[in-house]
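Chain by chain, the residues:
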Amino acid sequence: MEKQKRLLSVDALRGFDMLLISGGGAFILRLKGTTGLSWIDWTADQLTHPAWNGFTFYDFIFPLFLFTAGIALSYSIRSGLSRGMNKKELYRKAFRRMLILIVLGILDKNIPLNIFDPAQIRYGTVLGRIGIATFITTLLYVNLSSRQRLYWVGGMLIVYCAALFLVPVPGYGAGDLSFEGNLVGWFDRHFMPGRLLQKIYDENALLTQLPAHCLTVLGAFAGDILQKQKSEYKKLLEMGIMGVAGICAGLLWSTFFPLNKHLWTSSFILLTAGMAFLFLALFYWIIDVQGYRKWAFFFKVIGMNSLVIYLGMRFIDFDYSSKLLFGGWYMHVAEKWQPACNALGALILVWLLLYFLYRKKIFVKV
C-alpha cells in the first residue's frame, strides 16, 4: 500500500477547529454588544451551546475534531500497513493511545485530582471520547471495507435512535427525550462510575459514545477519499456528495429525532458529518487544488499541536498573562473594548507558543 503525505488542508482544518477553543471564540464573544454590528452579535451567539435541543456552530467544534481524528487515523493506519505492521500491532498502538487519552482527559477535567474520592471524579471526558472513538475506528478500519463501515454507521445510528424511542425509562416511559427522562441519562446514572457533569447527566459518558464514534469512522472514510488515485475534482465531488447527503439526511431525521449535542442524536451526527465533509472539501479545494497555501500557515501552526493547546488552555492562564503584558496598551481604549482586547492578546500568546514549538519541530502526539 502506497504511503501518502498528509495534506496541508487537513492540518489547517484542524487548526481552524482548535482556533475557536484556543481563544478565537472568546475574542468574538467579548465583542458582543460592543460594535453595534448585528452580524458580530449573531456570530457571538453561534459560539454558545443551546440549553438542550437546537444547533449552533459551536456544537460543530467537537464533532469536527472527531472527524479530523478519523482523517488522520486513515493516514496513520495506511502508513503502518505500508511499513509491514500487522493487525495486532495496530490494535496495541490504538489501545495505548486510548488509555493515554483517557488518563489525560481525567486529569484535565478533575484538576486538582483527589484520587482518594473516586466517586467525585468525572470519567467522561473529551479526550477520553476521542481515544475510544479512534480505537473503535481502528478495529473497524482494518477489518471492514469502506462500504461495510458505512453500513456500520447507518446501523449504529438507527439502533441508537430506536433505543431512545423504544426502551422505556422507569418513571418516564419510552421516547422521552427530555433532560430528566431520556434513556442516555438513566443508563449513565446507573452504569457510569464517578461524577456526572450535570449530576443526573453527562454527554461524554457511556451511551453517547455509540453515535459519537461514527464521526471518526466517517472521518476515516474521508481520509480514504483523499488518498484515492483519482483526480482532485473527483475527490471534491465525492466529498461534496457525502456532505450534502449528510446534511439533508440529518435535517430530515431531525423532524422527529431533534438535533441535540447533549444526546448526540443520530440527526446531529449526520448533520455535523455532512458539514465536516463540506468544510474539508472547501479547505482541500482552496489549499491543495487552487494552491492558496500561505494563509493556511496560521491554522497549520495550531493544528499541528492540538493536544498541547487543548491541555495548555487548562493549565496556563493566558488571560492573566495577556493582562500583564498588554494591559498597559489597551487600558487607553474605551472600557467596553478592553475584555475583547485582552482576549485578542491571549490568542496572540497562544499562537506564539505554538509557533515556537513549530519552529523547534516539537509536536506532541499520542
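Use the structure listed above.
So, here's what we can say about the structure. These figures come from a predicted structure and were not determined experimentally. (Residues numbered from 1 in each chain as written. Predicted model: local features only at pLDDT ≥ 70, side-chain atom pairs only at ≥ 80, totals over all residues. Heavy atoms only, no water.)

What follows deals with a nonpolar patch on the surface. A cluster of nonpolar residues, Val103, Leu107, Ile111, Phe315, Ile316 and Leu353, forms a patch on the protein surface that exposes about 490 Å² of accessible area. Looking at where Val103 falls in the secondary structure, it is placed in helix α4 (residues 87-110). Taking relative accessible area as the criterion, Val103 reaches 48% and is therefore assigned partly exposed. (Patch = residues over 30% accessible without salt bridge, like charges linked within 9 Å, V, L, I, M, F, W, Y side chains within 5 Å. Areas by Shrake-Rupley, 256 points an atom, 1.4 Å probe, with all protein chains shown as cover. Salt bridge = Lys/Arg side-chain N within 4 Å of Asp/Glu carboxyl O. Helix = DSSP H or I, 4+ residues; strand = E, 2+ residues; numbered from the N terminus. Buried < 20%, exposed > 50% of the residue type's maximum accessible area, 1.4 Å probe, protein only.)

The topology assignment puts Gln338 in helix α14 (residues 338-359). Gln338 sits 139 residues away from Lys199 along the chain, and the two C-alpha atoms are 36 Å apart. In this view, Gln338 contacts Tyr330, Met331 and Val333; residues no more than four positions away in its chain are not counted. (Contact = heavy atoms within 4.5 Å.)

Counting 84 residues, the largest nonpolar core has Leu226, Met239 and Leu280 as its most contacted members. Broken down by element, this core gets its largest block of residues, 14 residues, from helix α10 (residues 266-289). Every residue in contact with Met239, bar those within four places of it in the chain, is listed here: Ile225, Leu226, Phe277, Leu278, Leu280, Ala281 and Tyr284. (Core = buried A, V, L, I, M, F, W, Y, C linked by side-chain atoms within 4.5 Å.)

A word on the packing of helix α1 (residues 8-31) against helix α3 (residues 61-82). Two elements in contact, α1 and α3, have axes separated by 10 Å at closest approach and are oriented at 155°. Between α1 and α3, the angle is such that the two are roughly antiparallel. For the element pair α1 and α3, the recorded crossing hand is left-handed. Between α1, through Val10, Leu13, Arg14, Asp17, Met18, Leu20 and Ile21, and α3, the contact on the second element is made entirely by Ile61, Leu64, Phe65, Thr68, Ile71 and Ala72. Split by residue class, the contact of α1 with α3 holds 10 nonpolar, one polar and two charged. (Axes fitted to C-alpha atoms, helices over the stretch in contact; angles between N-to-C directions. Parallel < 35°, antiparallel > 145°, perpendicular 65-115°, else oblique. Left-handed = near helix turned anticlockwise from the far one by under 90°. Nonpolar A, V, L, I, M, F, W, Y, C, P; charged D, E, K, R; others polar.)

Turning our eyes to something else, we now look at empty space enclosed by the protein. With the rule as written, the count across this model stands at one cavity of 30 Å³ or more. Considering only enclosed or pocket space, the largest cavity measures out at about 60 Å³ in volume. At the level of secondary structure, the elements contributing two or more residues to the lining of the largest cavity comprise α3 and α4. (1 Å grid on protein atoms, 1.4 Å probe; cavity = no way out; pocket = protein on both sides within 12 Å on 5 of 7 lines; lining within 4 Å. Points joined across faces, edges and corners; volume = space filled by probe spheres on them.)

Inspection of the secondary structure assignment puts Arg97 in helix α4. No salt bridge is formed by the buried Arg97; its nearest oppositely charged neighbour, Glu89, is found at 13 Å. In this view, Arg97 contacts Leu73, Ser76, Thr134 and Val366; residues no more than four positions away in its chain are not counted. (Lys, Arg positive; Asp, Glu negative; His and termini not counted.)

Attention shifts here to the pattern of salt bridges. On inspection of all chains with the given rule, the structure shows 12 salt bridges. Residue Asp108 pairs with Arg314 through a salt bridge whose shortest N-O separation is 2.9 Å. Of this pair, Asp108 sits in helix α4 while Arg314 sits in helix α12 (residues 306-315), and the two are 206 residues apart along the sequence. Here Arg314 falls in the partly exposed class, since its relative accessible area comes to 42%. Among the charged side chains, a salt-bridge network with shared partners connects Arg78, Arg149 and Asp224.

Quick look at the packing of aromatic side chains now. What the rule picks out here adds up to 28 aromatic pairs. Arranged with centres 5.9 Å apart and planes meeting at 80°, the rings of Trp295 and Phe299 form a pair that is edge-to-face. Since its relative accessible area comes to 36%, Trp295 is described here as partly exposed. The ring of Trp264 has Arg129 lying over it, and the distance from NZ or CZ to the ring centre is 5.2 Å. (Phe/Tyr/Trp six-rings, centres within 6.5 Å; stacked < 30°, edge-to-face > 60°. Lys NZ or Arg CZ within 6 Å of the ring centre and 35° of its normal.)

Attention now moves to the layout of surface pockets. Taken as a whole, the second largest pocket spans an internal volume of roughly 220 Å³. Along its surface, the second largest pocket is lined by 14 residues, and Tyr123, Ile132, Met192, Ala205 and Leu206 are the ones closest to its centre. Put simply, the parts of the chain that give the lining of the second largest pocket at least two residues each are α5 (126-143) and α8 (209-227). Per-class residue counts for the lining of the second largest pocket are eight nonpolar, five polar and one charged.

With 19 residues, α8 extends 27 Å from end C-alpha to end C-alpha; this agrees with the ideal 27 Å at 1.5 Å per step. For α8, a buried count of 18 out of 19 residues is recorded, marking the element as mostly surrounded by other parts of the structure. (Expected span 1.5 Å × (residues − 1).)

Attention shifts here to unusual backbone geometry. Omega for the peptide link from Ile111 to Pro112 comes to -5°, which places this bond in the cis form. Looking at the secondary structure, you find Pro112 in the loop between α4 and α5. Its identity as a non-glycine residue notwithstanding, Lys199 has a phi of 70°, on the positive side. Here Lys199 shows up in the loop between α7 (183-191) and α8. For Lys199, a relative accessible area of 73% puts it in the exposed group.

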